[in-house]
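Observations on chain architecture
Each chain, written out:
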Amino acid sequence: TAALEIDRSLVLVGLMGAGKSCIGRKLAQKLGLPFVDADNEIEKAAGCSIADIFETRGEEEFREGERRVIARLLDGPPIVLATGGGAFMDPHTREKVKECGISIWLRADLDLLVRRTAKRNHRPLLNKGNPRQILRNLIQKRYPTYNEAEIVVDSQNGPPEETVKLALEGL
Ligand code: S3P
């Protein structure tokens, strides 16, 4: 790839199963930037899993922690940051990303999301009922907001390299 000078963090947004972590990791490799997964950072800071945080402290407290962690990461040197699916729905986080990052929405259709989230059931939001129905509702609720991202990339069904290529072209 041509030497792209990235002076702001790249922030991947999109629903669970869109491929934010996978694509983010590969994108970071290509660009020579560190990759950070916001969910992992939240778990490290809390000393327990996201599922545990939801269960013992509730979603609202999780969202506050998520907002703090992302703000701190975006205050540092450029990284590729994979965010949890709800992060970009927070107006403060959207402002912060607009201010010091480049947002990339990994857009994916319902079937792809259902397939990709079916393997491991560690996502508290999908454990509350029928995953397809829940994901369908989240698409309705969130896609208009994700659409505010600077760059929109269609998450490809094939090998991740195809999606990474599209993201690089978008930069
Ligand atoms: C959430 C998505 C999850 C995680 C939490 C809530 C959401 O992250 O942050 O379970 O609200 O969509 P992934 O999108 O990485 O699965």
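Residues numbered from 1 in each chain as written. Predicted model: local features only at pLDDT ≥ 70, side-chain atom pairs only at ≥ 80, totals over all residues.

As recorded in an unreviewed UniProt entry, the chain goes by the name Shikimate kinase, listed as coming from Limibacillus halophilus. Annotation of the chain in UniProt includes, under Function (unreviewed entry), the sentence "Catalyzes the specific phosphorylation of the 3-hydroxyl group of shikimic acid using ATP as a cosubstrate." Among the UniProt annotations of the chain, the heading Sequence similarities (unreviewed entry) holds the following wording: "Belongs to the shikimate kinase family." (UniProt positions renumbered as here; feature names shortened; annotations may be inferred.)

Okay, the environment of Val152 next. Within the secondary structure, Val152 is located in strand S5 (residues 151–154). The class for Val152 is partly exposed, based on 16 C-beta atoms found within 10 Å. Measuring from C-alpha to C-alpha, the distance between Val152 and Gly85 comes to 15 Å, with 67 residues separating the pair along the chain. If near-sequence neighbours (up to four positions away) are discounted, Val152 is found in contact with Trp105 and Arg107. (Helix = DSSP H or I, 4+ residues; strand = E, 2+ residues; numbered from the N terminus. Buried ≥ 20, exposed ≤ 12 C-beta atoms within 10 Å, placed from the backbone. Contact = placed C-beta atoms within 7 Å.)

Turning our attention to the nonpolar core. Side chains of a nonpolar character, in soluble globular proteins, are inclined to be buried together. Counting 36 residues, the largest nonpolar core has Leu12, Val13, Ala38, Leu81, Ile104 and Leu106 as the members making the most contacts within it. No other element matches the four residues that strand S1 (residues 9–13) contributes to this core. Beyond its immediate sequence surroundings of up to four residues, Leu12 is in contact with Lys20, Ile23, Gly24, Leu81, Ala82, Thr83, Ile104 and Leu106. (Core = buried A, V, L, I, M, F, W, Y, C linked by C-beta atoms within 7 Å.)

Attention shifts here to the sheet that holds strand S2 (residues 35–37). What the five strands build is an open sheet, ordered S2-S3-S1-S4-S5; its pairing is parallel. The open sheet is flanked by S2 and S5, the only strands paired with a single partner. The average undirected angle you get between the axes of adjacent strands in this sheet is 25°. As paired strands, S2 and strand S3 (residues 80–82) are joined by three bridges and run parallel to one another. Pairing of Val36 across the sheet is with Leu81, part of S3. Helix H8 (residues 160–170) contacts strand S4 (101–107) and S5 of the sheet and is inclined by roughly 160° relative to S5. (Pairing = 2+ DSSP bridges. Axes fitted to C-alpha atoms, helices over the stretch in contact; angles between N-to-C directions.)

With their axes 9 Å apart at the nearest point, helix H1 (residues 20–31) and H8 run at an angle of 60° to one another. In terms of orientation, H1 lies oblique with respect to H8. In this structure, H1 meets H8 at a crossing whose hand is right-handed. Only Pro160, Thr163, Val164, Ala167 and Leu168 of H8 make contact with H1, whose side of the interface consists of Cys22, Ile23, Lys26, Leu27 and Lys30. Each residue belonging to the contact of H1 with H8 can be placed in one class, and the counts come to seven nonpolar, one polar and two charged. (Parallel < 35°, antiparallel > 145°, perpendicular 65-115°, else oblique. Left-handed = near helix turned anticlockwise from the far one by under 90°. Nonpolar A, V, L, I, M, F, W, Y, C, P; charged D, E, K, R; others polar.)

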